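For reference, the chains in residue letters:
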Amino acid sequence: MFDFGALMQQAQQIAAPAIKQMEAQAKREKRNEKGKFAHRGTDADAAYDAKSENVIKADVRMFSGCCDHQTSADVGNVASFGLPPVSAAEKAGGACTNALLSTLKQNNNDMTFGQLCTSAQRLLKQRKYTQIPQLCSSHQLNLNGEKFSVWNPNRNGRSKALLIGINYPGQQGELSGCVNDVSMMARYLQEQGYDTDPSRMRILVDEG
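Enquirer: Help me understand the nonpolar core in this model?
Expert: General note: in soluble globular proteins, nonpolar side chains tend to be found buried as a group. Residues Leu-189 and Met-201 are the most contacted members of the largest nonpolar core, which totals 25 residues. With 6 residues, helix α3 (residues 95–106) is the single largest residue contributor to this core. Leave out the neighbours within four places in its chain, and Met-201 touches Ala-161, Leu-163, Ala-186, Leu-189, Tyr-194, Asp-195 and Thr-196.

Enquirer: Where do I start with helix α4 (residues 113–126) in this structure?
Expert: Residue pairs spaced three or four apart in an α-helix point in one direction, given the helix's 3.6 residues per turn. A rise of 1.5 Å per residue sets the reference length of α4, with its 14 residues, at 20 Å; its end C-alpha atoms lie 20 Å apart and thus fit the reference within 8%. Within the sequence span of α4, burial applies to Phe-113, Gly-114, Leu-116, Cys-117, Ser-119, Ala-120, Leu-123 and Leu-124. Of the surrounding elements, those touching the buried residues of α4 are β1 (61–64), α3 and β4 (134–137). Following α4 by one or two positions, Lys-128 adopts a phi angle in the positive range, close to 70°.

Enquirer: It is not clear to me how the pattern of salt bridges should be interpreted in this structure. Could you clarify?
Expert: Where charged atoms of side chains with opposite charge meet at close range, the side chains can pair. Inspection of every chain in the model, using the stated rule, returns 3 salt bridges. Two residues, Glu-146 and Arg-61, come together in a salt bridge whose shortest N-O distance is 3.0 Å. Of the two residues, Glu-146 sits in the loop between β4 and β5 (161–165) while Arg-61 sits in strand β1, which places them 85 residues apart along the sequence. A relative accessible area of 24% means that Glu-146 is categorised as partly exposed. For Arg-61, a relative accessible area of 25% translates into the label partly exposed. Via salt bridges that share partners, Asp-59, Arg-61 and Glu-146 belong to a single interconnected network.

The rules we used
Residues numbered from 1 in each chain as written. Predicted model: local features only at pLDDT ≥ 70, side-chain atom pairs only at ≥ 80, totals over all residues. Heavy atoms only, no water. Core = buried A, V, L, I, M, F, W, Y, C linked by side-chain atoms within 4.5 Å. Buried < 20%, exposed > 50% of the residue type's maximum accessible area, 1.4 Å probe, protein only. Helix = DSSP H or I, 4+ residues; strand = E, 2+ residues; numbered from the N terminus. Contact = heavy atoms within 4.5 Å. Expected span 1.5 Å × (residues − 1). Salt bridge = Lys/Arg side-chain N within 4 Å of Asp/Glu carboxyl O.

Right, here's the structure in full:
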């Protein structure tokens with residue numbers, strides 16, 4: 001008597017390796033279609049990243065001085081972070097700005113985005129600041145793989161910078177170091193090759 005069930009079981013055993021190989025190939029092709037988004041996590045994550053890049057064209061990376069529920073603090077003297085003096089009579093500066101620049105200086109600008117953020121957080125914590133700097137990106141960012149740079153990865157040799165320092169003089173919550181922060185950042189950008197011509201670098205401050 002012909003055993004159809006046994007035949008089907010035998011056929012399944014023979015075909016199983018080929019089916020697994022085909023499924024694996026299909027998954028690889030699907031990942032390749034998603035390109036750089038494939039390693040992030042689930043297929044839903046990858047699809048979301050792909051769609052977000054279509055909606056948000058600009059590739060924005062932003063360091064903020066603290067969490068949303070916190071307040072960024074001033075540093076009384078930027079020299080305490082091992083940074084060159086600023087031109088203003090008062091030597092104050094933003095804690096986050098000083099932590100980032102100090103960390104970059106100590107590591108010769110050779111850091112990933114993730115290393116820079118966590119190192120700045122650690123430095124502020126060591127100095128008893130409660131604020132925790134944050135890093136946000138409009139597109140997916142490989143925190144431990146992409147080197148920090150103020151230049152676009154697809155740079156064309158041109159630079160543009162807008163630096164704004166607001167101390168709010170005479171107002172409640174007046175600050176001391178924001179104008180100095182702008183001076184320090186302008187100097188850093190110049191060291192990185194940015195054009196300081198006013199048409200390429202605009203500086204806006206409230207001198208008070």
